[in-house]
Amino acid sequence: MMRGEGRWMRMGSLGVLGVILAGAAGGSLWAAEHRPPNVIVVSVDNLGYGDIGPFGSELHRTPNLDRMAAEGMRLTHFYVTSGVCTPSRASLMTGCYPRRVSLHEDHEGGRVLRPVSATGLHPDEVTMAEVLQSAGYATGIFGKWHLGDQSEFLPTRQGFDTFFGIPYSDDMVHTHPRGEELGWPPLPLLRDEAVIEAPVDRNTLVRRCTEEAIAFIEAHRDRPFFVYMPHTMPGSTAAPFASEAFRGRSANGPYGDAVEELDWSLGRVIEALGRLGLDGQTLVIWTSDNGAPRRDPPQGSNAPMAGWGYSTAEGGMRVPCLARWPGVIPAGSTCDELASTLDLLPTVAALAGVEPPRDRHLDGFDIRPLLFGTEGARSPTVAFYYYDGPQLQAVRSGPWKLYLAIDEWVRRPHPAIEPGRPALFDVAVDPGETADRASDHPQVVRMLTALADAARKDLGDLDRPGANQRPAGHVAFPRPLVAEADGVIERSGFEE
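These numbers were taken from a predicted model, which means no experiment stands behind them. (Residues numbered from 1 in each chain as written. Predicted model: local features only at pLDDT ≥ 70, side-chain atom pairs only at ≥ 80, totals over all residues. Heavy atoms only, no water.)

If you had to explain the overall build of the protein chain to someone new, which residues and values would you point to?
A count of helices and strands for the protein chain gives eleven helices and 21 strands. At 21 Å, the protein chain has a C-alpha radius of gyration in line with the 23 Å of a compact globule built from 496 residues. With the C-alpha coordinates aligned to their principal axes, the bounding extent of the protein chain is approximately 65 × 55 × 50 Å. Out of the 496 residues belonging to the protein chain, those deemed buried represent 61%. (Helix = DSSP H or I, 4+ residues; strand = E, 2+ residues; numbered from the N terminus. Rg over C-alpha atoms; globule rule 2.2 N^0.38 Å. Buried < 20%, exposed > 50% of the residue type's maximum accessible area, 1.4 Å probe, protein only.)

Provide a residue-level description of the pairing of strand E17 (residues 423-426), including the pertinent values.
Of the two faces of E17, the one holding Ala423 and Phe425 and the one holding Leu424 and Asp426 are both buried throughout. Summarising the sheet, strand E16 (residues 400-403) and E17 pair through four bridges and their orientation is antiparallel. Along E17, the bridge assignment pairs Tyr403 with Ala423. (Pairing = 2+ DSSP bridges.)

Please provide a residue-by-residue account of the environment of Tyr310, values included.
Tracing the backbone shows Tyr310 in the loop between strand E10 (282-288) and helix H8 (314-317). For Tyr310, a relative accessible area of 29% corresponds to the partly exposed category. Here the alpha-carbon distance between Tyr310 and Asp257, two residues 53 residues apart in the chain, equals 22 Å. A polar contact is formed between the side chain of Tyr310 and the side chain of Asn46, at a distance of 3.1 Å. (Polar contact = N/O pair within 3.5 Å; in protein donor to acceptor, adjacent residues only side chain to side chain.)

So what about the pattern of salt bridges? Which residues, and what values?
What the rule picks out here adds up to 32 salt bridges. The partner of Arg61 in a salt bridge is Glu260, with the nearest N and O atoms 2.8 Å apart. Remark: Glu260 occurs in helix H7 (residues 253-275) and Arg61 occurs in the loop between strand E1 (38-44) and helix H2 (63-71); sequence separation between them is 199 residues. Residues participating in the shared-partner salt-bridge network are Asp45, Arg89, Lys144 and Asp289. (Salt bridge = Lys/Arg side-chain N within 4 Å of Asp/Glu carboxyl O.)

Tell me what's going on with the nonpolar core, and back it up with residues and numbers.
Within soluble globular proteins, side chains that are nonpolar tend to cluster in buried spots. Ranked by internal contacts, the top residues of the largest apolar core, which has 85 residues, are Leu75, Met93, Met128, Phe226 and Tyr385. Each residue touching Met93, except ones within four places of it in the same chain, is listed here: Val126, Thr127, Met128, Trp145, Leu147, Phe160, Phe226, Tyr228 and Leu345. Counting residues in hydrophobic clusters, the runner-up holds 52 residues, among them Phe164, Cys209, Phe225 and Met305. (Core = buried A, V, L, I, M, F, W, Y, C linked by side-chain atoms within 4.5 Å. Contact = heavy atoms within 4.5 Å.)

Summarise the state of the cysteines; cite the residues concerned and give the values.
Within the structure shown, the criterion is met by zero disulfides. In this structure Cys321 is a free cysteine whose sulfur lies 9.3 Å from that of Cys335, the closest cysteine sulfur available. A relative accessible area of 2% means that Cys321 is categorised as buried. (Disulfide = S-S within 2.5 Å.)

Go over unusual backbone geometry with me, naming the residues and quoting the values.
Cis geometry is adopted by the peptide bond preceding Pro199, which originates at Ala198 and carries an omega value of -5°. Here Pro199 lies in the loop between strand E8 (194-197) and helix H6 (205-219). Cis geometry is adopted by the peptide bond preceding Pro304, which originates at Ala303 and carries an omega value of 5°. With respect to the element layout, Pro304 can be found in the loop between E10 and H8. The phi dihedral of Ser102 falls on the positive side, at around 55°, and the residue is not glycine. Position of Ser102 relative to the elements: it lies in the loop between helix H3 (85-94) and strand E4 (119-120). Classification of Ser102 as buried rests on a relative accessible area of 15%. The backbone of Asp192 sits at a positive phi, close to 60°, despite the residue not being glycine. Take Asp192: it is sitting in the loop between strand E7 (189-191) and E8. Owing to a relative accessible area of 28%, Asp192 belongs among the partly exposed residues under this scheme.

Listed below in C-alpha cells is the structure:
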C-alpha cells in the first residue's frame, strides 16, 4: 500500500482509471481520451527575476526561454515562499508555507539544511510526487533535492520512483573551510539511494541531469509522467559551474555561462517532447527557487525588483515563471495575478484528476483559470506571507505589500525599511519598493496588519508556534551520505 493510502487520497474517476491502466503493461494501456497531462517542473537555483530574456535581460542569451514565453504564458507576479533554498523547495513540494511543515530553519537554527542534518521533510507530509503517483504517474527528480540527506528524507521515500542528482547545495563540499570540522563528505551524486560518484564534477551536473530527464521521458512516453528538474545552477558558489560547451561563452562570466546552459537544457526538453509527440500533452513550468543573491561584483539581476535573494524584498521572493502547454495555455500571454509555488500541488492534482490532501492545512490554490487564461480570472490568494526563517516580516494582499513594524529584524530586507515602523508599497506599480504609502493608506495598513496577526496564530512567528504548524522529520543519529559496501545508505534512526 502506498504510504498514506486511505489517509489522504480521495481519487476522482480519472485518478482511479489511471492507477488501473498504469498498472497494466507499464502504463501502456492509457487511453488517449483519459490520459491526464504530463507535468514537468523546472526550478533553477538562485536565478533573478531579470536574468532571462522574457523578463527583460539583454545580457544573457536565452532563445529557448524566449520561445517558451512566445508559446506560453509569463507569470509576472509569481512568488516563492522564502529567499533561500530549503524552505522554498519545501513549499513547492507540499503546497505549504515552510513554517507549516517546520522547514523554515534547520534543527540548529540555520537558514537551510546542511550535510548530515538531523532534520528533513517529515515522511508523513504528502508531496506533489505522491499526489501524482496516486494517479498512476511515473515520477522522477533530476537535480538538487535539499529537503534532507538522511535515508528517511530522500526523494525515493517522498513519492519519486527515481532520483538522479545531489542531496543539497553545490557549495556544501568537504573542502568548505568548516567541512572537515562539520563532518561533511565529498559532494555525492546519487542514483535513487546509492552514492554513485563523490565528489561529483559540478561542471557536468546540468548536462547530465538533462540527459537523465530526457531518458526518463522517453522511457515513460506511453503513460503520464511527472519530471521535477531542480537544477543546481547558477547555484551558491561565487563562480557558478557550466559544462565545457558553455564555459567562457557568455557576456556575464561564469554566471552567464550557467544561465545559458540552463536555457539549452530547457530547449533539449522541449525538443524531446516534440520528437515524441508529447507537446500537446505536457504542462511545463519553469521558475527559480529564489532571487539572485548579492555578490561583488554583481552577477545576477532581480531588476526591476527591490533587493536581493536571501531576503523578503521583492527581489528575493518574486521570481520569473513561465508556463507552456500548447493548445491549452494561451500563446504569448501574460498573467499579472498573484500566484506562487504553493499553488502548484493543488493545480497539478486537479489536472491529474485527484484531490490534494484533505486531512491537513494546505496553503496553495488551484490556479487553472489563471493558466488557461480564463476571462476575468483572479488570484485566489487573499494574503501572501513573507517569512525570513522564523520571522514574519511582510504580507501582501492585492497590489499592497506591508512590511510590519518590527523593532528587531532577523535580517533587514533592504535599506529603505526602517525598524519599528510599517512600510507600505504598491508592488504592482512599484516593484522597486521606492514609495512608502503607509501614511496615505492607514486603512490598508490596518487590514494587512490584521492578516499578519492571523498568520502568527496559524503559522507562528519567531518563538511562537503556530496552531496549525506540523513537525519536521528528525533522526537521532544522522550519518554522512557516503557509499556503503553495497552502495545503499543505511538508516539513521528516524524518530516519530
